[in-house]
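So you can see what is in the structure, the chains are spelled out below.
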Amino acid sequence: MASIYIETFGCQMNEADSQYVARRATAAGYAVTANAAEASVVVLNTCTVRDNAEKRAYGRMAHFKALKTADPNVKLVVCGCLAEQDRDRMQASAPYLDAIFGTRDLGRLGDALVAWRDGFDDGDDDHSEQRLMLEPIGGQADCVGDAFAHVRAFVNVQRGCSYYCTYCIVPHVRGRFDNRPVADVLRECASAIARGARELMLVGQTVNAYKDPATGADFADLLELVAGLDGLDRLTFLTSHPKDYTAKLAATMGALPQLNPRFHLPVQCGSDRVLRRMNRKYTVGQYRDKIALFRKTCPHWALTTDLIVAFPGETDDDFVQTLALCDEIAFAQAFMFVYSPRRGTPAAHWEQVAPGVGTDRLKRLAAVVDRNVRAWHRRKVGRIVRALVQGPSRKDRSKLAAKTTDNVTLIAPAGSLDEAQLGVRPWLDVRVNEAFTWGCTGEILGIATRYDDLAPQAVDARATIDLIATL
Ligand code: SAM
Ligand code: SF4
């Protein structure tokens, strides 16, 4: 039958876009496959936020060309930020592509899928319910979906960004802020819940700057409205900007029990001089004040961040301030990047830090960050935590990977649990045995349908379930 393979690079915005493409494809009668070699349509959803993401996308395009050569009926499609930025270059260098859709053209990609649909042979058309339910978004890229993609739904609340950090390509390829009306967001959340989503993630580049264009409702109001939806299990959101973390939002986050206890608040660096050159719109002191507010209102939550090293003009002294800030704040996780010059952004034209310095600083920063990450993970050892299944572990398919509500990876032997059971009861109660930098290992004691269900096999341990937060 007609089938589609979707490979996703980049951030949660791209993941949300891929889920949209998967839904349009499923509605048009495609099966979503995790195997590119058997697909009638191959979609590569690209990222351009750093140079390595861009290189990988071009590499994958060349790789998929072989599928087209083997079967000229296969349609190859590229979408996402790189497609927006490089449309002309792509058309010239990869004439074998059937279509290129920019970040604003996703609807047209959906229409093309419908138009192509009749051209594919149906064979023994099998639209079984289970197949639709276990809709994987396959691939080997950064943000790939999995056999349990339906349990997590990414709901776009905002497109673009108007903040123009001097290193960042996002406003250039996704445009300025464009907020979705509250009613649209609520409708999409309700339909994701109806499809079996246990965790809703509201996504936007600066999600906490959200403002409903008609009513003026802000992000705190939106969180309250989504949290009030019937059948909602868990709610989370990404990414927030320190400038828009207000006292109202802090109070709302602290008051909504459905929220996952994890807050991602990118600081980028610990030097005021560099923050100013980055156009981040806050000082280190202001960031500290926000963290104090956060710790007061959400005392047991994990705080995670993004950091960039070797930004143009960053001195050793600036960098040492970043190390000190990370040590002081003790992030539960941090995504660390060496600055990557992006065409068309101001910082790309400034004097760059000497080659090699970035890699060296990244190593030194990772040593500090990882120490705190391990400490956060060690707090879970000996406890029973409830985590949402992701699928078989990539390294050992006899084990399952899952994520705790504070976004820590857990790996545990699957035993006799199978996909059909886990599709309906995707919460795992895991006794944590060991902590590492990447996450924790443990053993599965039971499974549950919803986060707040009692765990049959671990009723006695109920008092300690997840809620690491409260322990
Ligand atoms: N909107 C989010 C914010 O402001 O925090 C971040 C969006 S961006 C897709 C994710 C992360 O990529 C950023 O927080 C930053 O750390 C990193 N990043 C963005 N542009 C970069 C660049 N040119 N070089 C290195 N890292 C970059
Ligand atoms: Fe990029 Fe800055 Fe906007 Fe985040 S806030 S998307 S880093 S411009």
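None of the values given here were measured: they were computed from a predicted structure.

*Asks:* I would appreciate a short explanation of the overall build of the protein chain in the present structure.
*Replies:* The secondary structure content of the protein chain amounts to 14 helices and 18 strands. Taken across its 471 residues, the protein chain has 56% of its residues classed as buried. By element, 52% of the accessible surface of the protein chain is carried by carbon and sulfur atoms, the whole surface being about 19300 Å². If the 58 positive side-chain charges of the protein chain are averaged to one point and the 57 negative ones to another, these points end up 5 Å apart.

*Asks:* I keep staring at the packing of aromatic side chains and nothing clicks. Help me out?
*Replies:* The description of an aromatic ring pair rests on the distance of the ring centres and on the angle between the ring planes. Counting across every chain of the model gives 13 aromatic pairs. Ring pairs connect the aromatic residues F219, F237, Y245, F263, F294 and W301, which therefore count as one cluster. The side chain of R50 reaches across the aromatic face of F337, ending 3.6 Å from its centre. When the ring centre of W376 is taken as origin, the NZ or CZ atom of R379, which lies over that ring, is 4.3 Å away.

*Asks:* For this particular structure, what's the right way to read the site of ligand 1?
*Replies:* Surrounding ligand 1, one finds 15 residues, the nearest of these being R50, Q205, Q268, D306 and S340. Contact distances for ligand 1 include 3.0 Å between an oxygen atom and a side-chain N or O atom of R280. In this structure, a nitrogen atom belonging to ligand 1 sits 2.8 Å away from a main-chain N or O atom of S340. Isolated, ligand 1 exposes 570 Å² of accessible area, and the fraction of that covered by the protein chains is 92%. Among the elements of the structure, β12 (302-309) and β13 (333-338) are those that each provide at least two residues to the shell around ligand 1.

*Asks:* So what exactly am I meant to see when it comes to the pairing of strand β14 (residues 384-392) here?
*Replies:* Walk down a regular strand and you will see the side chains alternate between the two sheet faces. Of all nine residues in β14, seven are buried, a share of seventy percent or more. The sheet contact formed by β14 and strand β17 (residues 427-435) spans five bridges and is antiparallel. Counterpart to A387 in the pairing with β17 is L428. Inspection of the sheet shows β14 paired to strand β15 (residues 399-404) by five bridges, in the antiparallel sense. Bridge pairing links G391 to A401 in β15. In sequence, β14 turns back onto β15 through a hairpin of six residues.

*Asks:* Sorry, what's going on with the site of ligand 2 here?
*Replies:* Around ligand 2, the structure places C161, Y163, Y164, C165, Y167, C168, V170, P171, Q205, T206, H241 and R280. Across the shell around ligand 2, the residue classes tally to eight nonpolar, three polar and one charged.

*Asks:* Explanation requested: the pattern of salt bridges in the structure shown.
*Replies:* Pairing between side chains of opposite charge can happen when the charged atoms of each approach one another. Tallying each qualifying case throughout the model produces 33 salt bridges. Residue R343 pairs with E54 through a salt bridge whose shortest N-O separation is 3.3 Å. Of the two residues, R343 sits in the loop between β13 and α13 (357-378) while E54 sits in helix α2 (residues 51-70), which places them 289 residues apart along the sequence. Residue class for R343 comes out partly exposed when judged on its relative accessible area of 48%. The exposure class of E54 is buried, given its relative accessible area of 7%. One network of salt bridges, in which partners are shared, links D51, E54, K55, D86, R89, R342 and R343.

*Asks:* What should I look at first to understand the sheet that holds strand β16 (residues 409-413) in this one?
*Replies:* Strand pairing within a sheet occurs via backbone hydrogen bonds; the two strands may be parallel or antiparallel. Strands sit in the order β14-β15-β16-β18-β17 around a closed barrel of five strands; the barrel is mixed. When strand polarity is set aside, the average angle formed by the axes of neighbouring strands in this sheet is 50°.

*Asks:* Explain the side chain of D233 to me, please; I cannot follow it from the model alone.
*Replies:* For D233, the position within the fold is in the loop between α8 (219-227) and β10 (234-238). Among the polar contacts listed, one links the side chain of D233 to the side chain of W427, at a separation of 2.9 Å. Within the structure, the side chain of D233 is placed 3.0 Å from the backbone nitrogen of Y451, a separation counted as a polar contact. In this structure, D233 is in contact with R198, Q258, W427, T449, R450, Y451 and D452, ignoring residues within four places of it in sequence.

What counts as what
Residues numbered from 1 in each chain as written. Chains lettered and ligands numbered in written order. Predicted model: local features only at pLDDT ≥ 70, side-chain atom pairs only at ≥ 80, totals over all residues. Heavy atoms only, no water. Helix = DSSP H or I, 4+ residues; strand = E, 2+ residues; numbered from the N terminus. Buried < 20%, exposed > 50% of the residue type's maximum accessible area, 1.4 Å probe, protein only. Areas by Shrake-Rupley, 256 points an atom, 1.4 Å probe, with all protein chains shown as cover. Lys, Arg positive; Asp, Glu negative; His and termini not counted. Charge placed at Lys NZ, Arg CZ, Asp CG, Glu CD. Phe/Tyr/Trp six-rings, centres within 6.5 Å; stacked < 30°, edge-to-face > 60°. Lys NZ or Arg CZ within 6 Å of the ring centre and 35° of its normal. Near = heavy atom within 4 Å. Polar contact = N/O pair within 3.5 Å; in protein donor to acceptor, adjacent residues only side chain to side chain. Pairing = 2+ DSSP bridges. Nonpolar A, V, L, I, M, F, W, Y, C, P; charged D, E, K, R; others polar. Salt bridge = Lys/Arg side-chain N within 4 Å of Asp/Glu carboxyl O. Axes fitted to C-alpha atoms, helices over the stretch in contact; angles between N-to-C directions. Contact = heavy atoms within 4.5 Å.

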